[in-house]
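# Breakdown of the fold
Given next are the chains, with one letter for each unit.
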Amino acid sequence: MEVLTRESEIAAFKECAFVPTMGALHEGHLSLIRMAKKTNRPVVVSIFVNPEQFSPEEDLDTYPRNLEQDCAFAASVGADAVFAPSVETMYPTAPQPIALPDAATMPQLEDACRPAHFMGVCVAVARLFDLVQPAVTVFGLKDYQQYLVVKQLIVQEENRWKNLKILGAEIIRDEDGLAMSSRNVYLTTEQRKQSLGLHKAISCTTQNDMVETLNTYGLDIEYAVLRSSRSLLTPIDGEPVRALVAARLGNIRLIDNAEVQP
Ligand code: PAF
């Protein structure tokens, strides 16, 4: 497997299957790489801790970083290249704002809690797509709103990344149900038990039950809502419905979601 850092090196992987990440790879990421492999295209995994999507009080400085281990994990499931650009390669000039798709600004969801987050994500993803020029990209459904934002961004910029397809990979969970996340490593033993409240909450079929469940586990709720899986708005009859939760345990922010039958 190759490890690339320069724009000139990544050009050889045009039309690959592309898995953008911020590193700290775990089984969830490996499932994305496995899905990318199934396209029978060369697979490129990017590792870039994107400063643009962290607000000043968030964990940019302490975000787990281990390029060597990440490369070994990516290679173990057959990635053909890791692309680990520097901040200078990603942003040779100050990143320019991009028109945000509708899914980025939904009431009460990520945008309400992390106002600059999706602008940062879209700026990074757009730059990565420009550099890598993939044919397919794989995103995890754990960040469900992010998946919809990027899906809409690809449609919005259809002349920029022609025929780019996005695939959504199912959430990978620990045996007890906790969705895998790079931030789970921060959890103490007590918080690890409390974190199971998220998984319990997303199997509820009313918002009241979701809130009550999160409270029972002592989680500090940011949102607990049932929304249309397609639009993230209030579901209309017959639409698939998704339970989405975000909660804090001390400084650690956790999110989860699942399709439900209300
Ligand atoms: O999901 C992530 O890891 C990041 O938001 C992404 C898509 C790599 C953009 O920095």
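Shown above is the structure to which this text applies.
Summarised in this report is the structure supplied together with it.

Quick notes on the rules
Residues numbered from 1 in each chain as written. Predicted model: local features only at pLDDT ≥ 70, side-chain atom pairs only at ≥ 80, totals over all residues. Heavy atoms only, no water. Near = heavy atom within 4 Å. Polar contact = N/O pair within 3.5 Å; in protein donor to acceptor, adjacent residues only side chain to side chain. Areas by Shrake-Rupley, 256 points an atom, 1.4 Å probe, with all protein chains shown as cover. Helix = DSSP H or I, 4+ residues; strand = E, 2+ residues; numbered from the N terminus. Contact = heavy atoms within 4.5 Å. Salt bridge = Lys/Arg side-chain N within 4 Å of Asp/Glu carboxyl O. 1 Å grid on protein atoms, 1.4 Å probe; cavity = no way out; pocket = protein on both sides within 12 Å on 5 of 7 lines; lining within 4 Å. Points joined across faces, edges and corners; volume = space filled by probe spheres on them. Nonpolar A, V, L, I, M, F, W, Y, C, P; charged D, E, K, R; others polar. Phe/Tyr/Trp six-rings, centres within 6.5 Å; stacked < 30°, edge-to-face > 60°. Buried < 20%, exposed > 50% of the residue type's maximum accessible area, 1.4 Å probe, protein only. Lys NZ or Arg CZ within 6 Å of the ring centre and 35° of its normal. Pairing = 2+ DSSP bridges. Axes fitted to C-alpha atoms, helices over the stretch in contact; angles between N-to-C directions. Expected span 1.5 Å × (residues − 1).

In this section: the site of the ligand. In the vicinity of the ligand, the residues found are Pro-20, Thr-21, Met-22, Asn-50, Gln-53, Val-121, Val-125, Phe-139 and Gln-146. The side chain of Gln-53 places a nitrogen or oxygen atom 2.6 Å from an oxygen atom of the ligand. Gln-146 places a polar side-chain atom, nitrogen or oxygen, 2.7 Å from an oxygen atom of the ligand. The fraction of the free accessible surface of the ligand (290 Å²) that becomes covered by protein chains is 88%.

Quick look at the environment of Pro-240 now. Here Pro-240 is to be found in the loop between strand S7 (220-228) and strand S8 (241-249). Expressed as a C-alpha distance, the spacing of Pro-240 and Ser-46, which sit 194 residues apart in the sequence, is 32 Å. Excluding residues within four positions of it along the chain, Pro-240 makes contact with Arg-227, Ser-228, Ser-229, Arg-230 and Glu-259.

Inspection of every chain in the model, using the stated rule, returns 14 salt bridges. The partner of Arg-114 in a salt bridge is Glu-58, with the nearest N and O atoms 2.9 Å apart. In this pair, Arg-114 is assigned in the loop between helix H5 (110-113) and helix H6 (117-132) and Glu-58 in the loop between strand S3 (43-47) and helix H3 (67-76), connecting sequence segments 56 residues apart. One salt-bridge network, in which partners are shared between bridges, spans Glu-58, Glu-110, Arg-114, Glu-222, Arg-248 and Arg-253.

Moving on to empty space enclosed by the protein. The full count for this structure, using the stated rule, is 1 cavity of 30 Å³ or more. Volume-wise, the largest cavity comes out at about 30 Å³. Forming the walls of the largest cavity are Leu-178, Ala-179, Asn-184, Leu-198, Leu-254, Ile-255 and Asp-256. Tallied by class, the residues present in the lining of the largest cavity amount to 5 nonpolar, 1 polar and 1 charged.

The final tally for this structure, using the stated rule, is 5 aromatic pairs. Aromatic side chains Phe-48 and Tyr-91 sit 6.0 Å apart centroid to centroid with 70° between the ring planes, which places their arrangement in the edge-to-face category. In this pair, Phe-48 is assigned in the loop between S3 and H3 and Tyr-91 in the loop between helix H4 (87-90) and H5, connecting sequence segments 43 residues apart. Relative accessible area serves as the criterion here: at 6%, Phe-48 is assigned to the buried category. Measuring from ring centre to ring centre gives 5.1 Å for Phe-129 and Trp-161, while their planes differ by 80°; the resulting arrangement is edge-to-face. Taken together, the residues Phe-129 in helix H6 and Trp-161 in the loop between helix H7 (144-156) and strand S6 (165-169) connect sequence positions 32 residues apart. The buried category is assigned to Trp-161, whose relative accessible area is 4%. Pairwise contacts between aromatic rings join Phe-18, Phe-129 and Trp-161 into one cluster. The ring of Tyr-144 is capped by Arg-242, whose NZ or CZ atom sits 4.0 Å from the centre of that ring.

Our focus in this paragraph is the sheet that holds S7. Taken in spatial order, the 3 strands line up as S7-S8-S9 in an open sheet, and their pairing is antiparallel. If you trace the sheet from one side to the other, it starts and ends with S7 and strand S9 (252-260), each paired once. Taken pair by pair, the neighbouring strands of this sheet meet at an average axis angle of 10°, ignoring direction. With 8 bridges joining them, S7 and S8 adopt antiparallel strand pairing.

With that settled, the discussion passes to H7. Note: α-helices contain 3.6 residues per turn, so residues at a spacing of three or four share the same orientation. Here H7 contains 13 residues, and its C-alpha end-to-end distance of 18 Å stays within 8% of the 18 Å for a straight helix at 1.5 Å per residue. Those residues of H7 that fall on the buried side of the exposure criterion are Tyr-144, Gln-145, Gln-146, Tyr-147, Leu-148, Val-149, Val-150, Leu-153 and Ile-154. Where the residues of H7 are buried, they touch H5, H6, strand S5 (136-140), S6, S8 and S9.

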